[in-house]
Amino acid sequence: MFPTGDRTDLPVLLLYDLDRTWTSDETHEVMVYTNRLESAMREVGHPVTSVPIDDTDLTTPLCQYSPEEYTVLNWCEGVPGIPHSSDLLAQTLESLNFTYTGSTPQVLALSEDKREVKTLLDARNVPTPRWRIYESAQPDGWGRFPAIVKPAQEHCSLGVTSEAVVMTPGELCARIAYVLDTFHQPALVEDFVDGREFHVSLWGNGAIQMLPPAEMDFSAFSDVHDRLCTYDSKFNPSSVHYNQIKLQLPAPLTPDEYRRLEQISMAAYRAVGCRDYARLDIRLRDGIFYVLDVNPNADISFDASLAYSADAAGYSYGAMGSHLVNLALHRKLTAM
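Okay, so let's go over this structure. Since we're looking at a predicted model, the values are computed, not measured. Per chain, residues are indexed from 1 in the order of the written sequence. A pLDDT threshold of at least 70 governs which residues receive local features in this predicted model, and a stricter bar of 80 or more applies before side-chain atom pairs are shown or counted, although totals over entire chains, interfaces and linings include all residues. Only heavy atoms go into the side-chain values, all of them from the structure, while hydrogens and water stay out.

### A few points about the overall build of the protein chain
And then number 1: Helix and strand labels come from DSSP, where a helix needs a run of H or I of at least four residues and a strand needs a run of E of at least two; each type is numbered from the N terminus. Along its length, the protein chain carries 11 helices and 14 strands.
And then number 2: The size measure is the radius of gyration over C-alpha atoms, and the globule rule it meets is 2.2 Å times the number of residues to the 0.38 power. Rg of the C-alpha trace for the protein chain: 20 Å, near the compact-globule value of 20 Å for 336 residues, within the 12% margin.
And then number 3: Reported as C-alpha extents along the three principal axes, the dimensions of the protein chain are approximately 60 × 45 × 40 Å.
And then number 4: Classification of the 336 residues of the protein chain by burial places 53% in the buried group. Think of it in three bands: with a 1.4 Å probe and only protein chains considered, a residue is buried below 20% of the maximum accessible area for its type, exposed above 50%, and partly exposed in between.

Here's what the structure looks like:
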C-alpha cells in the first residue's frame, strides 16, 4: 500500500547508529537490521545510501551528500558516546539543511525529560497517571499504592524492573534511593495503573493517523509487580518478561474504546509536538486511557511496534519507510 501522492523514487540517506564500543555480535545485529531496511526500501524503488553514525564528528560523514538530492531517514538514537543526544544529531542535520524524518531537536530534547512531558500532558488535559518528581529519598505526601518508580530522564524502560513497582512507603523510599544512586538523576513516581497496556503508533502532520494499536498481554502474570513492560521485556530474549508478554495486534477494542484511544493518542501527539511519527504507551483503567509515555523517536526496526502496526494497516516494511520519507519531504514542500 502507498498513500496517494507518495513517491518511491526519492534518494534516501539512511542514518543508523554504529557505536565503536559495541561487541562484534552487537555490531553484526545492527548491520543485519540495517540491511533489512535498506533492502526493503530498495524493493519499493528508493535509491538508498546507508551512512553509519559512529563518531562525535557528524559533519564529515554527512557533508559529502547533497541536501538538495537526499532526504534523510533518521534511524539514530543519538551520537555515540554522548548520552541523550538525539536532539544534537537533529540539530546537525538542520545546520546542514537536510530534510529528515522525525521530530525537531526541541521535541527530541523534551522527550528525554519526563517531568516536562507530564507537565505538558497535564496542561492539555490529556489523562496521565498522577506523578511527582523526587530528588531525595523522602517521598513526603505520596500515598497512592501500588506506585511505580522510574528514572526521570531515561527511555526504553531503562531502570524499569519488577522491583520498580512498590506497595508501601518503605519500598517507595528504597526504590527512589536506588534510582538516585544508580542513575544520578531525579526519580519519577507515578500511580501504577494496573490495567490493559497499549502501544500506539501514529504518523502524520496536520492530518494524523493512528495505526492499528497493539496490546501487551500480561495474562501470564498473577503478581502485580510483573504486569509491566520492563527493560528485559524489550532487550533480553532469555528473560521471563520477554517470553511471556504476548502481543495482540490489532488490540481487541470495542468501537467506543477505539475512538477514545484514538482521541487521547492524537491529543498527546499534538501536545508534545510530535512530527512525522511517534509511539505512545497507554494504559486503560476504569474506562480511562492514561498516557504513560510519548516517544517521538520510536524504533523503526522490522520487529518493533511501528513496523508491526504499519503491516497491520497494509504497509510492507519498505512502504512504511517510504511513507516516513514522504512525510518529511511533504513538510519541506509545504513550507516553501
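Right, picking up where we left off after that structure.
### Observations concerning the pattern of salt bridges
And then number 1: A pairing counts as a salt bridge when a side-chain nitrogen of Lys or Arg comes within 4 Å of a carboxyl oxygen of Asp or Glu. In the structure shown here, the tally under the stated rule is 17 salt bridges.
And then number 2: Between glutamate 190 and lysine 150 there is a salt bridge; the shortest N-O distance is 2.8 Å. Of this pair, glutamate 190 sits in strand 8 (residues 187-191) while lysine 150 is found in strand 6 (residues 147-151), placing the two residues 40 residues apart along the sequence.
And then number 3: With a relative accessible area of 12%, lysine 150 lands in the buried category.

### Quick look at the packing of aromatic side chains
And then number 1: Each Phe, Tyr or Trp ring (for Trp, its six-membered ring) is paired with any other whose centre lies within 6.5 Å, and the angle between the two planes then decides the class: stacked below 30 degrees, edge-to-face above 60, tilted in between. Evaluation of the coordinates by the stated rule reveals six aromatic pairs.
And then number 2: Ring geometry for phenylalanine 302 and tyrosine 317: centres 6.5 Å apart, planes at 75°, overall edge-to-face. Of this pair, phenylalanine 302 sits in the loop between strand 14 (288-295) and helix 10 (305-312) while tyrosine 317 sits in helix 11 (residues 317-335), and the two are 15 residues apart along the sequence.
And then number 3: In this structure an aromatic cluster arises from ring pairing among Tyr33, Phe302 and Tyr317.
And then number 4: Sitting over the face of the ring of phenylalanine 302, arginine 36 holds its NZ or CZ atom 3.8 Å from the ring centroid.
And then number 5: Lysine NZ or arginine CZ positioned within 6 Å of the ring centre and within 35 degrees of the ring normal marks a charge as sitting over the ring. It is arginine 275 that lies over the ring of tyrosine 100; its NZ or CZ is 5.2 Å from the centre.

### Observations concerning the side chain of glutamine 185
And then number 1: Tracing the backbone shows glutamine 185 in the loop between helix 6 (169-183) and strand 8.
And then number 2: Within the structure, the side chain of glutamine 185 is placed 2.8 Å from the side chain of glutamate 154, a separation counted as a polar contact.
And then number 3: Residues count as neighbours in contact if any of their non-hydrogen atoms are within 4.5 Å of one another. In this structure glutamine 185 touches Pro151, Ala152, Gln153, Glu154, Val179 and Leu180, once residues within four positions along its chain are discounted. Pairs of N or O atoms are called polar contacts if they sit within 3.5 Å, as long as, within protein, a hydrogen donor faces a hydrogen acceptor (for residues adjacent in sequence, only side-chain-to-side-chain pairs).

### Some words on the packing of helix 10 against helix 11
And then number 1: Between N-to-C directions, angles cover 0 to 180 degrees, with each direction set by a line fitted to C-alpha atoms, over the stretch in contact for helices. Viewed as axis vectors pointing N to C, helix 10 and helix 11 meet at an angle of 105°, and their least axial separation amounts to 9 Å. Taken together, the axes of helix 10 and helix 11 lie roughly perpendicular to each other. Mapping the contact onto sequence places Leu306, Ala307 and Ala310 in helix 10 and Tyr317, Met320 and Leu324 in helix 11.
And then number 2: Partitioning the contact of helix 10 with helix 11 into residue classes produces six nonpolar, no polar and no charged. By the definition adopted for this analysis, an angle is roughly parallel if under 35 degrees, roughly antiparallel if over 145, roughly perpendicular if from 65 to 115, and oblique otherwise. Residues were grouped as follows: Ala, Val, Leu, Ile, Met, Phe, Trp, Tyr, Cys and Pro as nonpolar; Asp, Glu, Lys and Arg as charged; and all remaining residues, including Gly, as polar.

### Things to note about the sheet that holds strand 6
And then number 1: As summarised here, the arrangement of the four strands in space is 5-8-6-7, forming an open sheet in which the pairing is antiparallel. Where the open sheet ends on each side, the last strands, each with one partner, are strand 5 (131-134) and strand 7 (165-166).
And then number 2: Pairing of strand 6 with strand 8, which is carried by five bridges, proceeds in the antiparallel orientation. Looking at strand 8, one finds that proline 151 is bridged to alanine 187.
And then number 3: Its contacts with the sheet place helix 5 (residues 114-123) against strand 5, strand 6 and strand 8, and it is angled at close to 155° to strand 5.
And then number 4: This element, helix 6, spans strand 5, strand 6, strand 7 and strand 8 of the sheet and lies at about 10° to strand 6. Between any two strands, pairing holds if DSSP finds at least two bridges.

### Description of the sheet that holds strand 4 (residues 99-100)
Backbone-to-backbone hydrogen bonds pair the strands of a sheet. The strands run either parallel or antiparallel.
And then number 1: If you walk across this open sheet you meet the four strands as 2-1-3-4, and the pairing is parallel. The outermost strands of the open sheet, each flanked by one partner alone, are strand 2 (48-53) and strand 4.
And then number 2: Two elements, strand 1 (residues 12-17) and strand 2, share six bridges in a ladder whose sense is parallel. Directly across from leucine 14, in strand 2, lies its bridge partner serine 50.

### Some remarks on the packing of helix 5 against helix 9 (residues 255-272)
Each pair of packed helices can be described by the angle between their axes along with the distance between the axes.
And then number 1: Viewed as axis vectors pointing N to C, helix 5 and helix 9 meet at an angle of 120°, and their least axial separation amounts to 9 Å. Looking at the two axes, helix 5 sits oblique to helix 9. Remark: the crossing between helix 5 and helix 9 carries right-handed chirality. Seen from helix 5, the contacting residues are Val117, Leu120 and Leu121; seen from helix 9, they are Ala268, Ala271 and Val272.
And then number 2: By residue class, the composition of the contact of helix 5 with helix 9 is six nonpolar, no polar and no charged. Helix crossings fall into two classes, left-handed where the near helix is turned counterclockwise from the far one by less than a right angle and right-handed where it is turned clockwise.

### Here's the deal with the nonpolar core
And then number 1: Within the largest apolar cluster, 28 residues are counted, with the highest numbers of intra-cluster contacts made by Leu37, Leu73, Trp75, Trp203, Ile300, Met320 and Leu324.
And then number 2: Contributions of two or more residues to this core are made by strand 1, helix 1 (24-43), helix 10 and helix 11.
And then number 3: Not counting the four nearest positions on each side in its chain, tryptophan 75 is found in contact with Leu14, Leu15, Tyr16, Asp17, Tyr33, Thr34, Leu37, Asp299, Ile300, Ser301 and Tyr317.
And then number 4: Throughout this description, the term nonpolar core refers to a set of buried Ala, Val, Leu, Ile, Met, Phe, Trp, Tyr and Cys residues connected via side-chain atoms within 4.5 Å. Grouped together as the second largest cluster of nonpolar side chains are 27 residues, Leu110, Leu121, Leu253 and Ala271 included.

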